[in-house]
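Examination of the molecular architecture
What follows is the residue order along each chain.
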Amino acid sequence: VTVQATLAILVFAGAYVLIATEWVHRVAAAVGGAALMVLIGATGSHVAFFSEETGVDWNVIFLLLGMMIIVGVLRQTGLFEYLAIWAAKRARAKPFRVMALLVVITAVASALLDNVTTVLLVAPVTLLVCERLGVNPVPYLIAEAMASNIGGTATLIGDPPNIIIASRAGLSFNEMAANLAPVIVVLLLVFVGLCRWLFRRAFVADPERAAKVMALEEREVIQDPRLLRRGLIVLAVVIAAFALHSVVHLEPAIVALLGAGAMVLVSGQSSQTYLADVEWETLVFFMGLFVMVGSLVNLGVIEQLGEAATSAVGDHYLVAAVGLLFGSALLSGIVDNIPYVATMAPLVKGIVDASGGASGAHALWWALALGADLGGNATAVGASANVVVLGIAGRNGHRISFWEFTKYGLVVAGVTVTLCLPYLWLRYYL
Amino acid sequence: MLARDLAEQVPVVRRTHNALEVARLIASLRLAGVVVADGRGEPVALLQGSQVLRIVVPRYVREDPRLAHAYDEAGADELCAGLGRRTVGDLLDDDEVTPRELPQVQPDDTLVEIASVMVREGSSLVVVRDDDGASSGVVTLPRVMAAVLRAAGREDERVAHTLAHDLADLDSPHAPIETPDGEDDA
């Protein structure tokens, strides 16, 4: 290992510690780390900007940007508020049924949108329904944060780590959905059952309060039906284009950008409105992160680690998958899963490439995705959606402590991640 | 005109007053807001009507305004009735309601200086206070507007009436109002 490589590892480790501990803002840590990589000569403009292997993966950045714009328009339609109120009324305002339907809606929405956006849309309407119902909203909000993390695991666009994995592994929307969605459907059903047990004290029905929920007027929240119709058509076309990748030959990032353009055109909204939901901080964070990890790739550090991992794994891919599944879940419960997956993806790619196409090796991608995504449920800070829900709850006078969330999170993450093990074994190693 | 010329005595409320009382005062006198005074009658805060209104609308509706459309008439009325469970003190302690500092001007400040404070603070009321901290009343937006019209030579009878009469002098059963139990914790 050269002096330059040692310095690069130190910069990377230092930035990682700062991101994990939040001693400085994560964007400052990632961009500062990237700047130091440039200063020590670990990367340069060509390496950082024009190679997805050693620099910024623009497929990921533009896919995120496109989806953020699509969501920015869609959320103006009131669709999610409508669905949540409709579900509460459909459940006849019976508390557990309300929670179950809200959990399913959140999970499905999370599979198509990013998790944070989904909980931002669902949490306020949940507070409204719970206030009318006269029940404590905390269990409902916790369940929704977890449902968003579970549902987001199902597709390529559901969770940022999946976008990184798909880009690095060259996986299509359909491949991701075919390998992740089946187990997520099962996990969602199990999760609904877990909610019945975990939050059993929260389901107290009151006919008088139920009538107040039934009096809510869900149709009124859709103020612009024309925008809703147009937005849904564009979203359907975008999802279809993701799924028909083998026919239309458009990369997910291109589909998302074209979809965003179409959404802007049909909505007729101002740039301030449709750009309001673009999280520029997140995009810059990704760029800084990619430059840092890319610098390690550029200097051959990741390749050496990959070779070490490959020789350690040998052809014991099941053992590697188990380690990756639980190790990823453990780490993702503690630190942000985005930098974790950005770092692990080149390593897993090294093992998969070295295997010569062994299906057992390829399944490591699913172990990484399931572990990193589902592990986020373990603690209150394990996923961005959890942090956002805690914030919304606190602002509305329902403080959820770290441990209150975590005591449920550990059970849910433990059960869901463990159930992935028989799935991986039966489907890829038996 | 200077701030001392425009200063008037306005109805004041105390921390112990019910928020509905404030709403009644604002509605009956068509005020933009009310002054909250401490036990000595010194102004400690200004409560604007829109700030009182914020309490009626739950935070989650403010974060997602589309939800306001979901309430039927009975639900909306029930929400508004919730204001009766809050006191002026509750409103002042709410970090979303309390103005960070009491907008104030000096007695010899000009119309432009008063207007500049109102614009900067987004307030339709400012307190007139001298260097010793003694308050000589409040300047309200209608009085500032009336002074602007007079300065522009467009004064009429109603404008002159606005400048000549204090709000507290109005023939109203609500002005000024006293704390119900004489207790004050401002």
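Residues numbered from 1 in each chain as written. Chains lettered and ligands numbered in written order. Predicted model: local features only at pLDDT ≥ 70, side-chain atom pairs only at ≥ 80, totals over all residues. Heavy atoms only, no water.

1. Structural notes on the overall build of chain A
What counts here: Only runs of H or I of at least four residues qualify as helices and only runs of E of at least two qualify as strands under DSSP, and these elements are numbered from the N terminus. Each radius of gyration reported is based on C-alpha atoms, and the globular scaling rule is 2.2 Å times the count of residues to the power 0.38. Partly exposed residues are those whose accessible area sits between 20% and 50% of the maximum for their type, while under 20% is buried and over 50% is exposed, using a 1.4 Å probe and protein chains only. Contacts are assigned to residue pairs with any non-hydrogen atoms lying within 4.5 Å of each other. To be clear on the numbers: accessible area is Shrake-Rupley with a 1.4 Å probe, and residue cover counts the displayed protein chains and nothing else. All tallies of charge rest on Lys and Arg as positive and Asp and Glu as negative; His and the ends of each chain are not included. A charge is said to be at NZ when it belongs to Lys, at CZ for Arg, at CG for Asp and at CD for Glu.
Across its full length, chain A holds 23 helices and 0 strands. Whereas a compact globule of 430 residues would reach a radius of gyration of roughly 22 Å, chain A reaches 22 Å, a difference of no more than 12%. Referenced to the eigenvectors of the C-alpha coordinate spread, the extents of chain A come out at roughly 70 × 45 × 45 Å. The buried share of chain A, taken over its 430 residues, is 57%. The contacts of chain A with a sequence gap of at least 6 include a subset with a gap of at least 24, amounting to 82%. Total accessible area on chain A stands at roughly 17200 Å², and carbon and sulfur atoms take up 66% of it. Each charge sign in chain A was given a centre, from 23 positive and 27 negative side chains, and these centres are 15 Å apart.

2. Considerations on the pattern of salt bridges
Note the threshold: The salt bridge definition used is simple: a Lys or Arg side-chain nitrogen within 4 Å of an Asp or Glu carboxyl oxygen.
Overall, the coordinates contain 17 salt bridges over all chains when judged by the stated rule. Salt-bridge contacts for E218 of chain A lead to K89 of chain A; the nearest nitrogen and oxygen are separated by 2.8 Å. Of this pair, E218 of chain A sits in the loop between helix 11 (207-214) and helix 12 (225-243) while K89 of chain A sits in helix 5 (residues 79-90), and the two are 129 residues apart along the sequence. Through salt bridges with shared partners, one network takes in E131, R132 and K212 of chain A together with E78 of chain B.

3. Quick look at the nonpolar core
Under the convention used in this document: Residues belong to a common nonpolar core when they are buried Ala, Val, Leu, Ile, Met, Phe, Trp, Tyr or Cys residues joined through side-chain atoms within 4.5 Å.
Counting 167 residues, the largest nonpolar core has L63, I164, F191, F199, F242, L368 and L370 of chain A as the members making the most contacts within it. In this structure F242 of chain A touches L63, M67, I157, F173, N174, P252, V255 and A256 of chain A, once residues within four positions along its chain are discounted. Judged by nonpolar contacts, the second largest core, of 18 residues, contains L29, L47, V52 and L92 of chain B.

4. Examining the sheet that holds strand 3 (residues 43-48) of chain B
Hydrogen bonds between backbone groups are what pair the strands of a sheet, and the pairing can be parallel or antiparallel. All names here are of chain B. The condition is simple: One requirement defines pairing of two strands: DSSP has to find at least two bridges between them. Orientation is described by lines fitted to C-alpha atoms, with helices fitted over the stretch in contact, and by angles between N-to-C directions that extend from 0 to 180 degrees.
Spatially, 3 strands are ordered 1-2-3 in an open sheet, and the strand pairing comes out mixed. Two strands lie at the open edges of the sheet, namely strand 1 (12-13) and strand 3, each paired on one side alone. This element, helix 2 (residues 19-29), spans strand 1 and strand 2 (33-37) of the sheet and lies at about 135° to strand 2. Seen against the sheet, helix 3 (residues 49-56) touches strand 2 and strand 3 and runs at an angle of roughly 65° to strand 3.

5. As for helix 1 (residues 3-21) of chain A
All names here are of chain A. To be explicit about the condition: How far a helix is expected to stretch is found by multiplying one less than its residue total by 1.5 Å. Directions from the helix axis toward the C-beta atoms define the arc.
The terminal C-alpha atoms of helix 1, which comprises 19 residues, lie 27 Å apart, in line with the 27 Å expected from a rise of 1.5 Å per residue. Regarding helix 1, the residues found buried are A5, A8, V11, F12, A15 and I19. Along the axis of helix 1, the buried residues cluster in a sector spanning 120°; they form a single face. The exposed set on the far side of helix 1, more than 90 degrees from its buried face, consists of V3 and L10.

6. A word on the packing of aromatic side chains
In this description, an aromatic ring pair is defined by two values, namely the gap between the centres and the angle between the planes. Residues and elements named next belong to chain A. Condition: Side-chain rings of Phe, Tyr and Trp (the six-membered ring for Trp) are treated as a pair once their centres are within 6.5 Å; stacked means planes under 30 degrees apart, edge-to-face means over 60, and tilted covers the remaining angles.
Summed over the entire model, instances satisfying the criterion amount to 9 aromatic pairs over all chains. Considering the side-chain rings of F96 and F203, the 5.3 Å spacing of their centres and the 75° angle between planes classify their relative orientation as edge-to-face. Of this pair, F96 sits in helix 6 (residues 95-112) while F203 sits in the loop between helix 10 (173-198) and helix 11, placing them 107 residues apart in sequence. For F203, a relative accessible area of 15% gives the class buried. Here the aromatic cluster, defined as three or more aromatic residues joined through ring pairs, consists of F285, F286 and F290.

7. As for the interface of chain A and chain B
Heads up, the rule is: Reported buried area values correspond to the accessible surface (1.4 Å probe) lost by two parts on association, with both partners' losses combined. Any pair of N or O atoms that falls within 3.5 Å is considered a polar contact. Within protein, one atom must be able to donate a hydrogen and the other to accept it, and sequence-neighbouring residues count only if both atoms are side-chain atoms. The nonpolar class holds Ala, Val, Leu, Ile, Met, Phe, Trp, Tyr, Cys and Pro. Asp, Glu, Lys and Arg form the charged class, and all remaining residues, Gly among them, are polar.
Tallying the contact residues gives 23 residues for chain A and 13 residues for chain B. Roughly 1600 Å² is buried in total at the junction of chain A and chain B, and carbon and sulfur atoms are behind 51% of that figure. In this structure, R395 of chain A and E63 of chain B form a salt bridge, with 2.6 Å as the shortest nitrogen-oxygen distance. The tally of links from chain A across to chain B stands at 8 residue pairs in polar contact (both at pLDDT 80 or more). Those elements that place two or more of their residues in the side of chain A that touches chain B are helix 5, helix 7 (115-133) and helix 22 (384-395) of chain A. The element that contributes the greatest number of residues to the side of chain A that touches chain B is helix 7 of chain A, accounting for 7 residues. Within the side of chain A that touches chain B, the residues separate by chemical class into 10 nonpolar, 5 polar and 8 charged.

8. Describing helix 4 (residues 58-74) of chain A
For helix 4 of chain A, which comprises 17 residues, the first-to-last C-alpha distance of 24 Å matches the rise-based estimate of 24 Å (1.5 Å per residue) to within 8%. Along helix 4 of chain A, 14 of the 17 residues are buried, which leaves the element largely enclosed by surrounding structure.

9. Brief notes about unusual backbone geometry
Residues and elements named next belong to chain A. For A93, which is not a glycine, the phi torsion comes out positive at approximately 60°. The phi dihedral of H249 is positive, around 55°, even though this residue is not glycine. As for its placement among the helices and strands, H249 is situated in the loop between helix 13 (245-248) and helix 14 (252-267).

10. Points about the environment of A358 of chain A
Residue and element names in this part refer to chain A. Along the chain, A358 falls in the loop between helix 19 (337-354) and helix 20 (359-362). Exposure remark for A358: the relative accessible area of 24% places this residue in the partly exposed category. Between the C-alpha atom of A358 and that of D315, which follows or precedes it by 43 residues, the distance is 9.0 Å.

11. A closer look at the packing of helix 8 (residues 138-152) of chain A against helix 22 of chain A
All names here are of chain A. What counts here: For this classification, under 35 degrees means roughly parallel, over 145 means roughly antiparallel, 65 to 115 means roughly perpendicular, and everything else is oblique. Handedness of a helix crossing follows the sense of rotation of the near helix relative to the far helix, less than a right angle counterclockwise being left-handed and clockwise being right-handed.
Between helix 8 and helix 22, whose axes approach to 9 Å, the crossing angle comes to 160°. With respect to helix 22, the axis of helix 8 lies roughly antiparallel. In this structure, helix 8 crosses over helix 22, and the sense of that crossing is right-handed. Contact residues: L141, A145, S148 and N149 in helix 8; A385, N386, V389 and A393 in helix 22. For the contact of helix 8 with helix 22, the residue count by class is 5 nonpolar, 3 polar and no charged.

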